[in-house]
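# Descriptive structure summary
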Amino acid sequence: MIMALFERFVFVGAFNISITYAVFIVFGLALGPWKGAIIGILCDTLNQVIFGISTWMPEYALIPVLIAFLSGFFINSLTKSSDKKTWIIGFIFLAIITIIFIVILAREYNSLPLSETSIKRKKKYSLQAVIGISTFGISLTWILSIIFLTLYIKTKSIKTKYSSYLLFNIFITVFAIIVITRWLWGPFAYINYHNRFRSGTWKYNEYYFFFMVPIIFKSLIEIPIYTFLIFSIYPIIRIIKNKINYTSKKISVY
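Residues numbered from 1 in each chain as written. Predicted model: local features only at pLDDT ≥ 70, side-chain atom pairs only at ≥ 80, totals over all residues. Heavy atoms only, no water.

The protein chain is annotated in an unreviewed UniProt entry as ECF transporter S component of Mycoplasmopsis arginini.

## Concerning the pattern of salt bridges
The following threshold applies: When a carboxyl oxygen of Asp or Glu lies within 4 Å of a side-chain nitrogen of Lys or Arg, that pair is called a salt bridge. Think of it this way: any DSSP run of H or I at least four residues long counts as a helix, any run of E at least two long counts as a strand, and we number them from the N terminus. Partly exposed residues are those whose accessible area sits between 20% and 50% of the maximum for their type, while under 20% is buried and over 50% is exposed, using a 1.4 Å probe and protein chains only.
One pass over the structure, following the stated rule, counts two salt bridges. Salt-bridge contacts for Arg196 lead to Glu59; the nearest nitrogen and oxygen are separated by 2.7 Å. With a gap of 137 residues between them, Arg196 in helix α7 (residues 158-197) and Glu59 in helix α4 (residues 58-80) connect regions that are remote in the sequence. Here Arg182 makes a salt bridge to Glu222, at a shortest N to O gap of 3.8 Å. Of this pair, Arg182 sits in helix α7 while Glu222 sits in helix α8 (residues 204-232); the two residues are 40 residues apart in sequence, bridging distant segments of the chain. Each member of the pair, Arg182 as well as Glu222, carries the same accessibility label: buried.

## Some words on the packing of aromatic side chains
Heads up, the rule is: Any two rings among Phe, Tyr and Trp, with Trp reduced to its six-membered ring, count as a pair given centres within 6.5 Å; such a pair is stacked if its planes are under 30 degrees apart, edge-to-face if over 60, and tilted if neither. A ring is scored as having a charge over it whenever the NZ atom of a lysine or the CZ atom of an arginine sits within 6 Å of its centre and within 35 degrees of its normal.
Applying the stated criterion to the full structure yields 24 aromatic pairs. By the ring-pair criterion, three or more aromatic residues cluster together here, those being Trp87, Phe91, Trp142, Tyr152, Tyr165 and Phe168. One Lys or Arg, Arg182, reaches over the ring of Tyr21 and ends 5.5 Å from the middle of that ring.

## Digging into unusual backbone geometry
Even without glycine at this site, Ser199 takes up a positive phi of about 55 degrees. Position of Ser199 relative to the elements: it lies in the loop between α7 and α8. Among the residues examined, Ser199 registers a relative accessible area of 68% and is labelled exposed.

In structure tokens:
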């Protein structure tokens, strides 16, 4: 709830950061996919009770649940895999996302707005500006990933090796969640919102990529912020996770 208040009144504007996403990711990491999803439902319900349910939508109510579940599922899957397999899966994922990103920008570069919910797109960026911003974002993603891999391979320090491996796991987990819940689901949910509550007649084939482009650009800011924020508090997350697992096993014994 505190994060929701910050998001509503502090992080505002065209490039506001949805910090509640990071909170739900933490829920999934600490509690696991199923328990995290339940907490996501409870948080969304409490948020609607406090701020009102006049524009409640299942499309948006599903997002906290999906984020928490996917974060727990992805991190468990990655950490249970062999180190080599995790790195391979991660870089294949980045390659696929890079290709998708380039294709989308090549198609929609001339209609990039300042806000992801903007209808009147008075300011359009030049092709050079779009290429520059997108190249920087994608390059930063690859540079970070390569740095993590290089540290993992070259260092002899177990602590550094573990930290680079953990950072990469968190990075891929966050990236995958943003792609699913923001890039793919976000435009669909917003179009439904407009048609349902504002008597709109928007069609998916006309407006889906229209809203996807600014979401993608803003996510390039959010992903590294989420990654390093979650990494910085991961020791606390691990303590909570271990205590929950210990308590669950103790209860099951009784």
